[in-house]
Every structure is written in structure tokens, then in C-alpha cells.
There are 2 protein chains.
Amino acid sequence: MESIARIGRVAHATLGAQAYEALRDRLIAGALAPGERLSLRTLAEGLGTSVMPAREAVSRLVADEALEVLPNRAVRVPVMTLSTFRELTRVRIAVEGFAATEAARRLAPDDLAAIRSHDAAFRHEVLAPEPDLERAMRANRDLHFAVYRAAGLPSLVAIIEGLWLRIGPVLNLDMRSSRRRVAEGGAQVHHAHLAAALAAGDGDGARAALAADIAASADFIETTGRLAP
Amino acid sequence: MESIARIGRVAHATLGAQAYEALRDRLIAGALAPGERLSLRTLAEGLGTSVMPAREAVSRLVADEALEVLPNRAVRVPVMTLSTFRELTRVRIAVEGFAATEAARRLAPDDLAAIRSHDAAFRHEVLAPEPDLERAMRANRDLHFAVYRAAGLPSLVAIIEGLWLRIGPVLNLDMRSSRRRVAEGGAQVHHAHLAAALAAGDGDGARAALAADIAASADFIETTGRLAP
DNA sequence: TGCCGTGATCTGTGATCACACTTAGGCTCG
DNA sequence: CGAGCCTAAGTGTGATCACAGATCACGGCA
């Protein structure tokens, strides 16, 4: 939620914030499977602190709906239902599509350069004989958020980060299981269309390309993924 | 963030959750002025608990950007800058506008009845010789969220609640200071257009009416409000 | 009279302890 | 040999204590 301006991070944020970032990254990276249960004390032990920072981190993630607390008061990674996945996808297309439109209007040269760089990195990784999935996913994420940041609306970026936090587990988990189909997904094509539309200042084109990209990856997840009914 | 299904609230949520709800309501209602500082211990004393629940509530509100923690580690209600206010307004028009479009597609008879009921309540309150501002604002909020809920996208409603949480303080604070201009704002007209478009299934019309409503109230705040430069 | 230093107090943060509750395992009894 | 109870370990939640840092006001010195 607060990854903006992470540059100047001098050193000591509060332990709770560090725990939040750590858990958040593991969640987005798909290191925690949906349905997996978490324990405050185990978590704290892993962080080398008391339960307090872990408690705060979990609280915030629960507020973001990136974790859920069962009636038993047990904490776990939410299991994504097919219907809520589709709902999230529709919201993503709307919100991220708007961001793409705005980005096309405001795009600065630096933004375009960054976007093209991430695009190249993703294409290179995905077309390699031995694709590094993790690096590809990171390049994909960097590309998307470079676009969103270019819209110049920080609160919109925060909203989108919240959405990615929720789909992160299921998305990255499934990507990991299927190595080769990443290249067949055709994400490179959508990315190319997106970059071209942005460079041309074509807001509708950018939105369409991004929507197609999101829809394609959602389809991919729906077919290979094990989403709860 | 979790005001949906508040009906079944049997009794005992955790103290932290209760504290969060309480603080959140005070924030949305404008009971806390922007820039006002908060103290965990004072807050806890007001709640009749220890600092722990207050701490959790504040943590979550900070995560929602409804509160902010200064470099001094002091906690206060954020002072809204004019530029961030305009940014939030643009995001609101995009996100809430999308919700209105969806609502026009999916609208159920019950939804329309609820919307018309809140619309009538707002118009009645605002055209009265002695308008009750608080009741008018509540009717306005109920009307808006009845529309958003009709879109059938709970995660979108949660996002919008986060946005309202941030503009709540400045919005309700300014409304309180200017009693009579509420009627002149013409919100009733926008609401009427909105309800008509929704009833006709006109998505674009609903979006336009809602955008006009948001823009008008934003203009009102900008002129009478004391937003930081 | 004006200004600076200094101590008391209040801030959030983290650790530790206490408690109600759930859950899983082992033991006893049929 | 199997099933049921019952204890013990583990859960999140809340309270209390400890601590570093910031704030502010009062008092002494120039």
C-alpha cells in the first residue's frame, strides 16, 4: 500500500511496518498458498521479534482483505472463489483501465522509457529457452505499475496495489505450476499494443490493450487454476 | 471498510474492531477536524479499554490513509491539500462513475426502491425551512452507497468506502459551517437525474449524473473550504 | 527583562504476562 | 482392538510494564 517513494527508506521503520512489508511481499509473490493458516507466534519467531509486530502486520493485511480471520479466530490466506475472482477481474479492468487512459494523457518521456524497459525485460524473459518465471512476473508487475504511476494519481496506485495484493497469491501460485504456457499467453502482444498506444497518446487504445491483457491472464488462471467453487 | 452486513452484528466483535468502527464513524462524520492530533491513551480512556484496541484501530486507519503518522510519530487527521483533494475527486469520478454504470445494468427493483427512498429523504431534508445537516448528509451517503451496492461488486464498494473515509473529514466539516448553501448546491437535481437514468437502464446517463454531483460538491468544498495549499 | 537549558510529562513502540478458547493427541475404558 | 474423553499445547486478544524520543513549560542566568 505504501511502496511509493521507497527510495529514501533510510533504515529504521517500525518493526511492525517491516513485518507488514515482509508478509506483504510473500503474499504478492505467492509464497503463501490460499487456505494456508498463519500463526502470530510462528510469524514473530521467523521475524525474530515478539508477537506485537506480527500482530500489527496481520491486522493491516486483514484490513486489506489480503488475509482473513475465520470465526475460530484463526488467520489464513483467503481461498479465492471463482465468482470473487471474476468480480475482482472486472474491477481491475475498470480501475486499471482508467489508469491506463490517464497515463496516455499525461505520459512523460521518462515514464515511456521505463515502460519500454520493463516491456523488453518481460519479453526477453518470456521468450528465453529457460524462462525464469519469477523474474518474468516481476517484470510484468513493474511494467504495469510504471503505467499506473504515470497516470499521476497516487491514490489510484494505492487502490490498484490493494487489488494486486488480493489476486497475488492465486496468480503467482498458478504461474509457478505451469512453466511453458507463459509464452503462449500472448502477454507480450498486449504489452506491445499498450506501449504503442501510450506513445501515441491514445487513451482508448491503452485501455483496450490493458483490458485485453488482464482478461487473457484471468482466462489463463481460470482454466489452469484451482479456484474454489 | 466492512460495513456490509452490519445487520447480524450479534454483540461481541473484538474490542479493536469496535474501536476501529467508532473512530471510523467519527472520522466520516467530520467529528475530527483535519490536523487534529490523536493520542492512543486518551482514545483508550474514551473507549474504556487499554491502549491495545486503540492502537489497532489507529493502525488500520493509518493503513487506510484516513489517519497519518508524522515523523514525530504523532498521529493526526491528515490535512487535505488542494491538489490531493482534486486528485481524490478525479479518482472518485472514475471509480464511482463506473459503479453507477454497472448499477444501471444490474439494477434490481429493490435497489431502485431504496435509492428513491433515500433520494426523497435527502430532498425533503434539504428543502426544509430548518434543514438538519447531519440527517441530510446521512441521506446523501445512503443514497450514494445504495447505488454502489446495486452494482453487485463488493470489492468496488470497499474501495469507494476507503475514498469516502479520506474525504469525510473535510467534506462534513465544511458542510457543517455553511447551513443554507446546501439547498443551493443543486444536489437534488443531480440525484434526480441519477435516479431517472438508473431506472431507464442508461449507464452513461447515470455516470454523467453522478460525475456532475461529485464535481459540484467538490467545487463547493473548494470555494468555501479551507484546504491547505 | 529576555533567553536558554533542563526536567517532568506525554508520545508511540515493543515485550511480557494473563486469559478464554480451540484443537489435536494420547490414554483409558468398554 | 477401537472409540471416546480429557488433558495439554497452541491460538488470538487484551492488559500491563518498560523504554526511547519529543514537547513544553518553568526557572535560573546573563
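Check the entry above for the structure.
Residues numbered from 1 in each chain as written. Chains lettered and ligands numbered in written order. Predicted model: local features only at pLDDT ≥ 70, side-chain atom pairs only at ≥ 80, totals over all residues. Heavy atoms only, no water.

Caption draft 1: Main features of the pattern of salt bridges. Residue and element names in this part refer to chain A. Taken as a whole, this structure holds 22 salt bridges over all chains when the rule is applied. With its nearest N and O atoms 3.7 Å apart, the salt bridge here joins Glu 65 to Arg 166. On the criterion of sequence distance, the pair formed by Glu 65 in the loop between α3 (51–63) and β2 (68–69) and Arg 166 in helix α7 (residues 154–177) is long-range, its members being 101 residues apart. In this structure, Arg 135 and Glu 125 form a salt bridge, with 3.7 Å as the shortest nitrogen-oxygen distance. On the criterion of sequence distance, the pair formed by Arg 135 in helix α6 (residues 133–150) and Glu 125 in helix α5 (residues 109–127) is long-range, its members being ten residues apart. With relative accessibility at 47%, the residue Arg 135 sits in the partly exposed group. One salt-bridge network, in which partners are shared between bridges, spans Arg 24, Asp 25 and Glu 161. (Salt bridge = Lys/Arg side-chain N within 4 Å of Asp/Glu carboxyl O. Helix = DSSP H or I, 4+ residues; strand = E, 2+ residues; numbered from the N terminus. Buried < 20%, exposed > 50% of the residue type's maximum accessible area, 1.4 Å probe, protein only.)

Caption draft 2: Focus on the protein's contact with DNA strand C. Not every one of the 17 residues close to DNA strand C is listed here, only the nearest: Leu 15 and Ser 50 of chain A together with Ser 39, Leu 40 and Arg 41 of chain B. Restricting attention to atoms of DNA strand C within 4 Å of the protein, one finds that 52% of them are sugar or phosphate atoms. With respect to DNA strand C, the side chain of Ser 50 of chain A contributes an N or O atom lying 2.3 Å from a phosphate oxygen. In the model, a base nitrogen of DNA strand C is placed 2.8 Å from a nitrogen or oxygen of the Arg 41 of chain B side chain. Secondary structure elements with two or more residues in the surface near DNA strand C: α1 (15–28) and α3 of chain A together with α2 (40–47) of chain B. Counted by class, the surface near DNA strand C contains six nonpolar, seven polar and four charged residues. (Near = heavy atom within 4 Å. Polar contact = N/O pair within 3.5 Å; in protein donor to acceptor, adjacent residues only side chain to side chain. Nonpolar A, V, L, I, M, F, W, Y, C, P; charged D, E, K, R; others polar.)

Caption draft 3: Spatial organisation of the packing of helix α1 (residues 15–28) of chain B against helix α3 (residues 51–63) of chain B. All names here are of chain B. Between α1 and α3, the shortest axis-to-axis distance is 8 Å and the interhelical angle comes to 50°. Between α1 and α3, the angle falls in the class oblique. As for how α1 packs across α3, the hand of that crossing is right-handed. Contacts between α1 and α3 involve Leu 15, Gly 16, Ala 17, Ala 19, Tyr 20, Leu 23, Arg 24 and Leu 27 from the former and Pro 53, Glu 56, Ala 57, Val 58, Arg 60 and Leu 61 from the latter. Split into classes, the residues belonging to the contact of α1 with α3 amount to ten nonpolar, one polar and three charged. (Axes fitted to C-alpha atoms, helices over the stretch in contact; angles between N-to-C directions. Parallel < 35°, antiparallel > 145°, perpendicular 65-115°, else oblique. Left-handed = near helix turned anticlockwise from the far one by under 90°. Contact = heavy atoms within 4.5 Å.)

Caption draft 4: Up close: the relation of the copies chain B and chain A. Superposition record for chain B on chain A: RMSD 0.0 Å, screw rotation 180°, translation along axis 0.0 Å. In symmetry terms, the pair is related by a two-fold rotation axis. Every residue of chain B has its C-alpha some distance from the rotation axis, and the shortest such distance is that of Arg 60 of chain B, at 2.8 Å. Counting the interface residues of chain B, we find that 96% of their copies in chain A are interface residues as well, pointing to one common contact surface. (Least-squares fit on C-alpha atoms with pLDDT ≥ 70 in both.)

Caption draft 5: Region of interest: the sheet that holds strand β3 (residues 75–76) of chain A. Here we have three strands laid out as an open sheet, ordered β1-β3-β2 (chain A), and antiparallel in their pairing. Because the sheet does not close on itself, it has two edges, and the strands there are β1 (37–38) and β2 of chain A. (Pairing = 2+ DSSP bridges.)

Caption draft 6: Spotlight on the side chain of Asp 119 of chain B. Residues and elements named next belong to chain B. Along the chain, Asp 119 turns up in helix α5 (residues 109–127). Looking at Asp 119, the relative accessible area reads 7%, which means it is buried. The residues contacting Asp 119, other than those within four sequence positions of it, are Leu 143, His 191 and Ala 195.

Caption draft 7: View of the interface of chain B and chain A. At the junction of the two partners, chain B supplies 26 residues and chain A supplies 26 residues. Taking both sides of the interface into account, the surface hidden between chain B and chain A amounts to around 2,200 Å²; carbon and sulfur atoms contribute 60%. For chain B, the biggest contributors to the area lost against chain A are Glu 87, Arg 90 and Ser 155 of chain B; these three give 24% of the whole. For the pair chain B and chain A, the interface holds two salt bridges. (Buried area = accessible area lost by both parts, 1.4 Å probe.)

Caption draft 8: Focus on the protein's contact with DNA strand D. Surrounding DNA strand D, one finds 17 residues, the nearest of these being Ser 39, Leu 40 and Arg 41 of chain A together with Leu 15 and Ser 50 of chain B. Sugar plus phosphate: this is where 57% of the atoms of DNA strand D within 4 Å of the protein reside. In this structure, Leu 40 of chain A approaches DNA strand D through a main-chain N or O atom, which is 2.9 Å from a phosphate oxygen. Contact between DNA strand D and Arg 41 of chain A: a base nitrogen at 2.9 Å from a side-chain N or O atom of the residue.

Caption draft 9: Spatial organisation of the packing of aromatic side chains. All names here are of chain A. Summed over the entire model, instances satisfying the criterion amount to four aromatic pairs over all chains. Centre to centre, the rings of Phe 145 and Trp 164 are 5.2 Å apart; their planes meet at 65°, and the pair counts as edge-to-face. A residue pair is termed long-range when its members are at least 10 positions apart, and Phe 145 in helix α6 and Trp 164 in helix α7 qualify at 19 residues. Taken together through their ring pairs, the aromatic side chains of Phe 145, Tyr 148 and Trp 164 make up a single cluster. One Lys or Arg, Arg 60, reaches over the ring of Tyr 20 and ends 4.0 Å from the middle of that ring. (Phe/Tyr/Trp six-rings, centres within 6.5 Å; stacked < 30°, edge-to-face > 60°. Lys NZ or Arg CZ within 6 Å of the ring centre and 35° of its normal.)

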